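Geometric and topological summary
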Amino acid sequence: MKTVITIGTGNSGCGAIHDFLIKSTKYKSPFNSHEFRMINDPDGILNLYFNFYKNCSINNSSNAIMRFKNYISDLVNLEMKVENKSIKIYDKKLLSLTNEYIKNITTINYNAYPQFIAIKKNFFKRKFFNLKKKVFKIENDPNLFKMYLPVKENIFLRESKKFILKIIKLQLKNKKSNFIVLDQAFSMYNFINIFSYFDNVKVILVTRDPRGIYNSMKTRKSGAYPHNLKVWTEWYNQIIQKFNDYKKKIPKKYKKNIIEIKFENFCSDYEIEQKKILNFLNIKKMNNNFDIDKSRFNSLKAKKQLSEFEKKYIKKRLSKYLQW
């Protein structure tokens, strides 16, 4: 299976590149064109890896699994807009796949009542549990918490790769499709990890003029980002500096599988930029269903919608990141 991952800052234009691929080529989106964040989200697969092998302890690995299971349950209930209808993005079979995955990435499990769980219980719950221990002569309540020990690192990576592939195949409408595009599956700061979880994968990094990003965040009222202009410019400067530092450390063996696309260039020089993407993926365009005019319109919004003060403020403080 050939996989493409599109990655950006958020509001960077990743969606346009993603849509171009699924509408103009044989690449398919398994998640109804929504982002695939299961690997990179705070309680996702990378968090399991970190707490299994980097920040490892019995409590950390077990807590990471508990949080992962809760996260998956939330995903199964997640509803998003698809063609103006609210639908559940993930198949409910994801729950059974997750239970199988957890079995495959752990060696043993047992019921326990560790201190970090006990201190989360309120006074009355603690008293009730202590009473049960005395009356029923039990050591632990099996409903409280399950402790796990993880498998070796190479087994974890192997089983995680299988798990991700099973999820993608479960979600695909056309089960025979071997060309997959995933949006925001990793972040700008860890995308080299992609090559541990996918066999045949390429990365498209999407950057955008900061004025366009700020305007998009502001008008869409994006909840995860600062909206105060001064704070936002400081925030953006820090994340892009960190991104640029990270890119300098990319091993040479991966560079041929990574391309950076500027959103404004993609919109203004569409014929050139689309050929760059198609050549990078070694794939042919199948049709012209992608509406580049819609993306062009979006790329120009900041020029019209931002105030002169906002444009000048961002231009002065983020001058080295401007794209128009």
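One can find the structure itself at the top, above this paragraph.
Residues numbered from 1 in each chain as written. Predicted model: local features only at pLDDT ≥ 70, side-chain atom pairs only at ≥ 80, totals over all residues. Heavy atoms only, no water.

**Regarding the pattern of salt bridges**
Counted only if it meets this: Any carboxyl oxygen of Asp or Glu within 4 Å of a side-chain nitrogen of Lys or Arg constitutes a salt bridge here. Counting from the N terminus, the helices are the DSSP runs of H or I reaching at least four residues and the strands are the DSSP runs of E reaching at least two.
Counted by the stated rule, this structure contains 13 salt bridges. R296 is the salt-bridge partner of D293, the closest N and O atoms lying 3.1 Å from each other. Here D293 pairs with R296, and both are found in helix α14 (residues 292–305), just three residues apart, close to one helical turn. Taken together, the shared-partner salt bridges connect E35, R37 and D41 into one network.

**Structural notes on the nonpolar core**
Quick reminder of the rule: Take the buried residues of types Ala, Val, Leu, Ile, Met, Phe, Trp, Tyr and Cys, join any two whose side-chain atoms come within 4.5 Å, and each joined set is a nonpolar core. Burial classes: relative accessible area under 20% of the type maximum marks a residue as buried, over 50% as exposed, and values in between as partly exposed (1.4 Å probe, protein chains only). Residues count as neighbours in contact if any of their non-hydrogen atoms are within 4.5 Å of one another.
Among the nonpolar cores identified, the biggest contains 70 residues, and M38, F156, F186, F191, Y197 and F198 are the most heavily contacted of them. What F156 contacts, discounting residues up to four positions off in sequence, is I45, L48, Y49, F52, Y53, Y101, I105, V151 and Y197.

**Re the packing of aromatic side chains**
In this description, an aromatic ring pair is defined by two values, namely the gap between the centres and the angle between the planes. Where we set the bar: Between the rings of Phe, Tyr and Trp (Trp by its six-membered ring), a pair exists once the centres lie within 6.5 Å; its type follows the angle of the planes, with under 30 degrees stacked, over 60 edge-to-face, and the other angles tilted.
A complete count under the given rule lists 27 aromatic pairs for this structure. Aromatic side chains Y225 and W235 sit 5.4 Å apart centroid to centroid with 70° between the ring planes, which places their arrangement in the edge-to-face category. Of this pair, Y225 sits in the loop between α9 (210–220) and α10 (229–248) while W235 is found in helix α10, placing the two residues 10 residues apart along the sequence. Y225 gets classed as partly exposed once you look at its relative accessible area, which sits at 22%. In textbook terms, an aromatic cluster arises when at least three aromatic residues are bridged by ring pairs, as seen for Y214, Y225, W232, W235, Y236 and Y321.

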